[in-house]
Every structure is written in C-alpha cells, then in structure tokens.
Amino acid sequence: MDKTVFWTDRAWIEINVGNLRHNVDVLREEVPSGCELMAVVKAQAYGHGAVLTATQLNQMGVRAFAVATIEEGIELREGGVSGEILILGYTGVSRALELKEYDLMQTLISHEYAEDLNSQGIAVKTHIKVDTGMHRLGISAGDLSGVRDIFLMENLEVCGMFTHLCCADSRQPEDVRYTKGQIGSFYKLVDDLRNSGVGIPKLHIQSSYGLLNYPGLACDYVRAGIALYGVPSAPEDDCLLKPDLRPVLSLKSRIVLIRSVKKGDSVGYGRSFTASRDTRIAILPVGYGDGFPRSLSDGKGHVLVGRYVVPVAGRICMDQLAVDVTDVEDVSVGDIATLIGAEGYHELSAPSVADSSGSISNELLCRMGARLPVIAK
Ligand SMILES: *Cc1c(COP(=O)(O)O)cnc(C)c1O
C-alpha cells in the first residue's frame, strides 16, 4: 500500500525536488570553481527531512554535508547518505569511537576540547573552528600557536578549518567592515600557518548570506543552508547576488470538519474568536505541535483554501487550528489547505509567514521537523 495515502490524511510537508535541484544548480554557478557546496541539513534539513533531502542531494552530486549533532550524522549514515558529514556543534569526547565508526567529522570548538578528544586515543577526522568575531564556538584567530598545536595532535586528522560570519546578511557599512575584518583575520591565520610549515586543510567561511553578499572568496566549501531551501531568512533581505532561488517546502493540511457557528458564538481556547456574523469554520488537524506558530492565532495567520486566503480563527492549538471559511464558495471536508506555499495566484511564503509570527524562515522551517511526514513531489 502506498503510504503517502495516509501521510496526506492530516498534515504534511511536500518537498519540491525539482526546485531543490534548481537551487543546487543556481548556487553552484555562484561558487568559484574548485569550491563545493556543503549542504547544511541540520534540524531535519530545516524541516525538509534530513535523510530524504540528503539522499536527493547525493543524487545531484552533493558530496559534503553539515549537521549540528552526532545523532543527526548517524541518522544520515544509517539512511545511506554518502560523502563527508561535518558535525558543526559539540559532541562529548566519550563518543569518539562513534565518530570514527560512522565516518563523521567533528568540529574542534576550542584547544581544550581538541586535547580532550585527542586523549581518547581514537583516530578522528576533524575541522578546526576559528573564532574571528562571532565569539561563539572556536579558537581565537589570533592564537597561532594554539591552532598549530592541534595539527600535531596524533589522533586528530585535521581535514578542514573554518570560521562563521556573524553579520554577513547585512549590507550596512559597519557590518560590512566587521565582516571583512573577520574574513581578513581568518586568511591571516591561514597565511601564518602556511608560513610556519603547516599543510593547509580545506577552508570554509561562508554560509548562505556569506555567499550571497561576499561571493568569490577563495574557499573549498560554502556551507549552504537556507539558500538551498530557496527562501530568504526575512522577506526584506537584500543581497549583492540575487540568484533565482525557489522555495522547496510547502506545508499542507486537509480540512477534517466544517461547522457552522452562530453570530455571537465563540471558537477555541480562551474564546478569543467570537463570530461577528453567522460563520463557517473549517478545522485543520495541524497546530503548533507541528511547528505552525501559535503567535499566528486570532487572524494574524492565513491559510490558502482553493482560490481564497482565509484567516485563522481563534487560538492555534497544539494539534488543530480553525479557519474562517464563510466567504469560500465551495469548500468540503477533505479539501487541502496550504499553510506555507503557493496555490493559484496566492503565495504564503515561509519568510512572510515567519515574519508575521515574529521570527525568521530558518526557525519556522526547522520547527516543522518534529512530527510531520515529508513527501517528495
Ligand atoms: C546553520 C549553519 C550554517 C548554515 O546557515 P544558513 O544561513 O542557513 O546558510 C552554516 N554554518 C554554520 C556554522 C551553521 O551553524
């Protein structure tokens, strides 16, 4: 039996594989030759389904992936994903054997961490994280001897070295100056290492906005997350490069019940929706437990039903929400509602939905990775 039949009973994510392929092609044109895409597939590939997305990317020739946790790396390997997998975040050093067995690369977040991991006596592939001004993870770019020392640690194979930019999305002059300072201090460290006889590993600096605002950096990888999924973080974001990226994800649900409520009746928790006229309400079995933000309650959020854009009525619950379909001409139980995505002439884009909820696309998308089935179209 085709499982997609049950998967589309309630609420689901639809992945447009053609758009994913298109984004890979478009981004590959923007990266300098010799530089590869490292697909960032953490948090269920920003809600797109990690194994499904990485498997598709493998088929498109993507050979490098980044995740946040060791569990995410193991899930990809068990799902048959090939190529390099870099863990961007912290992994307890007691898991060194798993890093090795699953052929995962571990980010070295500090000199002390590198020493601890090395002392486990297990050969592990690593990338050194360099702090150039984000002041989150990483060894200070000024600590030449500390970084050089890591290259000598006998159990750590240093395959890469990278930094992360903290305001690459902004084109404000002071942010551009800060970013150029970050890039400059990374390359200075690389030069100093080279001059002191260290063999330079693979280098990477840019994530999506780093590529779109600072193209052309001499690197081996670009760590692309949100751009690969085809949306900006926020609707008004404006970058130097404007590639034709296309959204990959849609969030859909099916109307399971339609009820009439009389003028003056209330709907949902807190009775925050009171009908100002005789009203028809459609119930969608999707809620904040699926990642649809509760802050879109009480008409702040909208849903597409056929040719109509209809408002959320009352409070979004964990597992359901109500929409006002009084003005929709024909609507029946079983009809599909689009919560994120396009339908006819209308689009509820992830950045606009995220923005209405007070967040960015990245958060909105990744929170949908917990309970919803994902189907590829
Ligand atoms: C999440 C992450 C990325 C991807 O960022 P996008 O803005 O989604 O492209 C890149 N690098 C690091 C270190 C990250 O944590």
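Computed from a predicted structure; not experimentally measured. Within each chain, residues carry numbers counting from 1 in the order of the written sequence. The predicted origin of the model limits local features to residues at a pLDDT of at least 70 and limits the giving and counting of side-chain atom pairs to 80 or more, whereas totals for whole chains, interfaces and linings rest on all residues. With hydrogens and water stripped out, all remaining heavy atoms of the structure feed into the side-chain values.

A. Examining the pattern of salt bridges more closely. For this document, the term salt bridge refers to a Lys or Arg side-chain nitrogen within 4 Å of an Asp or Glu carboxyl oxygen. Summed over all chains, the structure comprises 17 salt bridges. The closest approach of N and O atoms between lysine 125 and aspartate 103, which form a salt bridge, is 3.1 Å. Of the two residues, lysine 125 sits in strand β6 (residues 124-131) while aspartate 103 sits in the loop between α6 (96-101) and β5 (105-108), which places them 22 residues apart along the sequence. Only protein chains enter the accessibility calculation, which uses a 1.4 Å probe; a residue whose area is less than 20% of its type maximum is buried, one above 50% is exposed, and one in between is partly exposed. Lysine 125 sits in the partly exposed class, given a relative accessible area of 29%. Judged by relative accessible area, which is 35%, aspartate 103 ranks as partly exposed. Its salt-bridge partner being aspartate 238, residue arginine 171 comes within 3.3 Å of it at the nearest N-O pair. Here aspartate 238 lies in the loop between β10 (221-224) and β11 (249-254) and arginine 171 lies in the loop between β8 (156-163) and α9 (173-195), a separation of 67 residues in the sequence. Each helix is a run of DSSP H or I of at least 4 residues and each strand a run of E of at least 2, with the numbering of both proceeding from the N terminus.

B. Broad picture of helix α4 (residues 50-59). If you check which residues of α4 are buried, you get Ala50, Thr53, Ala54, Gln56, Leu57 and Asn58. On its buried face, α4 sits against α2 (17-30), β2 (36-40), α3 (42-47), β3 (64-67) and α5 (70-78). Within two residues after α4, glycine 61 carries a phi angle of roughly 90°, on the positive side. Any two residues having at least one pair of non-hydrogen atoms within 4.5 Å are treated as being in contact.

C. Region of the structure containing the site of the ligand. Taken together, Val40, Lys42, Tyr46, Leu88, His164, Ser207, Ser208, Arg223, Ala224, Gly225, Ile226 and Asn362 make up all the residues around the ligand. N or O atoms within 3.5 Å of each other form a polar contact, as long as, within protein, one can give a hydrogen and the other can take it, and as long as residues adjacent in sequence are counted only when both atoms are side-chain atoms. Contact distances for the ligand include 2.7 Å between an oxygen atom and a side-chain N or O atom of lysine 42. Within the contact set of the ligand, an oxygen atom lies 2.9 Å away from a backbone nitrogen or oxygen of isoleucine 226. For the ligand, whose unbound accessible area comes to 390 Å², protein coverage reaches 88%. Breaking the shell around the ligand down by element, the ones donating at least two residues are α3 and β10. Looking at the shell around the ligand residue by residue, the class counts come to five nonpolar, five polar and two charged. Proximity is defined per residue: if any heavy atom of the residue lies within 4 Å of a molecule or strand, that residue is considered near it. Values of accessible area rely on a 1.4 Å probe in the Shrake-Rupley scheme; residue burial ignores everything except the protein chains shown. By the convention adopted, Pro, Cys, Tyr, Trp, Phe, Met, Ile, Leu, Val and Ala count as nonpolar, Lys, Arg, Asp and Glu as charged, and the other residues, Gly among them, as polar.

D. Molecular detail of the packing of α2 against α4. Axis definition: a line fit to C-alpha positions, over the contact stretch in the case of helices; interaxial angles, taken between N-to-C directions, run 0 to 180 degrees. Two numbers describe how α2 lies on α4: the axes approach to 11 Å, and their chain directions differ by 55°. Overall, the two elements α2 and α4 adopt an arrangement that is oblique. Crossing angle aside, the handedness with which α2 passes α4 is right-handed. Side by side, α2 and α4 meet where Val17, Leu20 and Val24 of the first sit next to Thr53, Gln56 and Leu57 of the second. Of the residues in the contact of α2 with α4, the class split is four nonpolar, two polar and no charged. Roughly parallel means an angle under 35 degrees; roughly antiparallel, over 145; roughly perpendicular, 65 to 115; everything else is oblique. If you view the pair so one helix is near and one far, a crossing is left-handed when the near helix is turned anticlockwise from the far one by less than a right angle, and right-handed when it is turned clockwise.

E. Looking closely at unusual backbone geometry. Here the phi dihedral of arginine 271 falls at roughly 50°; this positive angle occurs in a residue that is not glycine. Its relative accessible area of 56% is what places arginine 271 among the exposed residues. Positioned with a positive phi, aspartate 298 is a non-glycine residue whose angle comes to about 55°.

F. Summary view of the packing of aromatic side chains. Two rings from Phe, Tyr or Trp (for Trp, the six-membered ring) form a pair when their centres sit within 6.5 Å of each other. Planes less than 30 degrees apart are called stacked, planes more than 60 degrees apart edge-to-face, and all others tilted. The final tally for this structure, using the stated rule, is three aromatic pairs. Taken together, a centroid distance of 4.8 Å and an interplanar angle of 35° make the contact between tyrosine 46 and tyrosine 229 tilted. Remark: tyrosine 229 occurs in the loop between β10 and β11 and tyrosine 46 occurs in helix α3; sequence separation between them is 183 residues. Each member of the pair, tyrosine 46 together with tyrosine 229, is buried.

G. Focus on a negative patch on the surface. Nonpolar side chains (Val, Leu, Ile, Met, Phe, Trp, Tyr) are joined into patches within 5 Å and like charges within 9 Å, using only residues with over 30% relative accessible area and no salt bridge. In this tally Asp and Glu are treated as negative and Lys and Arg as positive; neither His nor the chain ends contributes. Charge placement uses NZ in Lys and CZ in Arg. For Asp and Glu, CG and CD serve respectively. Taken together, the side chains of Glu112, Glu115, Asp116 and Asp149 define an acidic patch exposed on the protein surface. Top element by residues in the negative patch is helix α7 (residues 111-118). It accounts for three residues. Relative to the assigned elements, glutamate 112 resides in helix α7.

H. View of the environment of isoleucine 375. Structurally, the position occupied by isoleucine 375 is in strand β21 (residues 374-376). A relative accessible area of 6% means that isoleucine 375 is categorised as buried. Along the chain, isoleucine 375 and leucine 20 lie 355 residues apart, while their C-alpha atoms are 13 Å from each other.

I. Quick look at the nonpolar core. Ranked by size, the top nonpolar core spans 119 residues in total, and within it Leu57, Phe65, Ile128 and Met161 carry the most contacts. Looking at which domains feed residues into this core, each of domain 1 (17-224) and domain 2 (249-376) supplies at least three. In terms of nonpolar packing, the next biggest core, distinct from the first, is built from eight residues, Val267, Phe273, Ala275 and Ala322 among them. As used in this record, nonpolar core signifies buried Ala, Val, Leu, Ile, Met, Phe, Trp, Tyr and Cys residues forming a set joined through side-chain atoms within 4.5 Å. Marked domain ranges trace back to an automatic or database domain assignment.

J. Expanded view of the side chain of glutamine 106. With respect to the helices, strands and loops of the structure, glutamine 106 is situated in strand β5. A polar contact of 2.8 Å, which involves the side chain of glutamine 106, links it to the backbone oxygen of glycine 89. Beyond its immediate sequence surroundings of up to four residues, glutamine 106 is in contact with Leu86, Ile87, Gly89, Tyr90, Thr91, Leu99, Tyr113, Leu117, Val124, Lys125, Thr126 and His127.

K. Structural detail: the pairing of β2. Within β2, four of the five residues are buried, leaving the element largely enclosed by the surrounding structure. Bridge count for β2 against β10 is four bridges, and the pairing is parallel. From the neighbouring strand, alanine 39 faces β10, where its bridge partner is alanine 224. Any two strands are treated as partners once DSSP identifies two or more bridges connecting them. By the bridge criterion, three bridges tie β2 to β3 in an arrangement that is parallel. Across the sheet, the residue bridging to methionine 38 is alanine 64, located in β3.

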